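# Breakdown of the fold
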Amino acid sequence: MTRYPFWKYLIILAVVLPSMLYALPNLYGWHAAVQVRAPVGTILPPVATMEQWLQGAGISVTRVKSDAQGSTFFFPNENAQGQAETLLQGKLPANAQVILSQVSAQPGWLAAIGGKPVNLGLDLRGGVYLLLRVDTGAVIKHAMERDSNDLRTFLRHENLQYLAINQTGPQVLTVEMENAGVATQAQAAITRRFPDLAVKVDHGAVLGVSLQPEAITRMTDEALQQAIVVIRNRIDQLGVSEPVIQRQGQDHIAVQLPGVQDTQRAKSIIGSTAQLEFKMVDEQHNLAAALKGDVPPADAIYYGSNGTPYLLEKQTVLTGRYLSNASGGIDNNTGQSVVDVSFDSEGTRIFGELTSQHVGQRMAILLDNKVVTAPVIREAITGGRAQIDGFANLKEASNVAIELRAGALPAPVNVSEERTVGPTLGQDSIHDGVMAVIFGMAFVVLFMTFYYRAFGLIADLAIFVNILAILAVLSIMGGTLTLPGIAGIVLKIGLAVDANVLVFERIREELRLGMSPRAAIDAGFKKAFATIVDSNVTVLIASLVLFQFGTGAIKGFALVLTIGVLTSMFTATMMSHGIIELLLGKRRVQKLYL
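Residues numbered from 1 in each chain as written. Predicted model: local features only at pLDDT ≥ 70, side-chain atom pairs only at ≥ 80, totals over all residues. Heavy atoms only, no water.

Time to look at the pattern of salt bridges. In total, this model carries 11 salt bridges according to the counting rule given. The shortest N-O distance in the salt bridge between Arg 133 and Asp 251 comes to 3.5 Å. Within this pair, whereas Arg 133 is found in strand β6 (residues 127–134), its partner Asp 251 is found in the loop between β11 (244–248) and β12 (252–258), the two being separated by 118 residues in sequence. Note on Arg 133: relative accessible area 30%, which makes it partly exposed. Overall, Asp 251 belongs to the buried group, its relative accessible area being 17%. The salt bridge involving Lys 527 is made with Glu 510; its shortest N-O contact spans 3.2 Å. Remark: Glu 510 occurs in helix α15 (residues 483–512) and Lys 527 occurs in helix α16 (residues 517–549); sequence separation between them is 17 residues. One salt-bridge network, in which partners are shared between bridges, spans Arg 506, Glu 509, Glu 510 and Lys 527. (Salt bridge = Lys/Arg side-chain N within 4 Å of Asp/Glu carboxyl O. Helix = DSSP H or I, 4+ residues; strand = E, 2+ residues; numbered from the N terminus. Buried < 20%, exposed > 50% of the residue type's maximum accessible area, 1.4 Å probe, protein only.)

Moving on, we get to the side chain of Ser 71. Residue placement: Ser 71 occurs in strand β3 (residues 70–75). At 3.2 Å, the side chain of Ser 71 and the side chain of Ser 66 are in polar contact. (Polar contact = N/O pair within 3.5 Å; in protein donor to acceptor, adjacent residues only side chain to side chain.)

It is worth spelling out a nonpolar patch on the surface at this point. A surface patch of nonpolar side chains, about 540 Å² in accessible area, is lined by Phe 6, Leu 10, Leu 13, Leu 17 and Met 20. Relative to the helices and strands, Leu 13 resides in helix α1 (residues 6–23). Using a relative accessible area of 47% as the deciding quantity, one classes Leu 13 as partly exposed. (Patch = residues over 30% accessible without salt bridge, like charges linked within 9 Å, V, L, I, M, F, W, Y side chains within 5 Å. Areas by Shrake-Rupley, 256 points an atom, 1.4 Å probe, with all protein chains shown as cover.)

Moving on, we get to the nonpolar core. Counting 49 residues, the largest nonpolar core has Leu 474, Leu 481, Phe 504, Ile 507, Ile 521 and Ile 580 as its most contacted members. Only α1, α13 (423–452), α14 (454–477), α15, α16 and α17 (553–584) provide two or more residues apiece to this core. It is α14 that contributes the most residues to this core, 10 residues altogether. When near neighbours in sequence (up to four residues on either side) are disregarded, Ile 521 contacts Phe 455, Ile 507, His 577, Ile 580, Glu 581, Leu 584 and Leu 592. (Core = buried A, V, L, I, M, F, W, Y, C linked by side-chain atoms within 4.5 Å. Contact = heavy atoms within 4.5 Å.)

Structure (structure tokens):
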């Protein structure tokens, strides 16, 4: 038996066993896989049929997994994975999604208890890094256009006569009133009704209307937040696991997509604004005259994808905000690639009223300010469904449907920086990092064993458990391990053994003072504890500051270091002490070989 309290052994087991269990998935590696999904209402062939297609083409399938989202086929290598993607895309319905992915090879029982491997960053797994710039100027421009329409309606409602409302600057509207008296009344009324607008009388009967600085800041922040949400929804459609999406600076968003293999498709879907709008075609005015510069104030010229000009009313009668679903497919009558859209209850009402009031007129459907089609409204459409045609192929229609389902970005997004890390480079980084951990651990083991003998081996065991605990915590909390994170593990090996060195040297000091072995062990752990806590707290403070204010690689390093500090304090004190007491039992010890 041992003198060490039984409840402390229970705590040690409660830490060590879960650490071993939840670190285990990291040993199984990753499988090349293809995920097959389809929108609601699309019928996919049975899984057995798809598997027969693959086997008939000589493509080896190692495992098949089906769930509520679709089916996943596993392959022995990336070559077979690529062949399977090509075959399935050719045989499945047009709007089915065939997604390349990397899936953990861990057994099902580990996944059932919540086990999962540590998420690997771009530098270890490969993938795409994109730095996106949101055009916040377009947000302000759209707000000014909206305010211009709202001002016209408001001034008419208040019986305040105006002559014209024009945008004379990026953030300035000029309102020409009937006379100076009406201008003064309008200034007071607009200020009350529109708190985001600053109104001043420029001269005579002319008002200058601009956005308040705080309103501009709020709109910019909201645009960035909305863009992050939309980008995350689109990435979910791509099937990317554990993406990193975060704001950087005033108008940038950093996106990391580990494991992405179809980089061009990812860029096109993430970066497209997918702004769906419905506008009425102005057939009362002459298009030729408008092209020569005589554009009516309430109209604007838009172009189709083939360059065809259209004279449309500026007012947007319906937007993609009211969409409930969108799916790509083939029109059975024309054979063209189309996107079928359906609206929610409010959108159905608006669309029904709109088509009822404009029977016989043309309505343009715009995607990202380009006219996709401009059909004539033959009859009222009250079912809340519409069809968009004019796409080059099925893949383009399916990609647009994904963008519409995920929502529209509030403004155009441009790629400011792009970095691609190949999976081969990632595997090299993993190999080098693992070798660094192995060699670091080996040198520490040799030194501790040579210098502290059996006590050194106990310290080495504690370090091994510490590494398992770090991996387990990262897996449970969904943290991402990067190359700097591996550097943090190597550094923590040295810091963890440092705590044991303090304890062992304290025990040696107590033995030199004539204390018995048992008493020296107890005194060594007790007196060194305060020093260990002090040294680790200072490291913890530094790592927390790095985690809070750092980005990218610095954040990954700080995360591993923070977890390592907390776990090493446990393994170097309670666990090491418990192992020593367990080995000694209740024997009377005459001498310690330390």
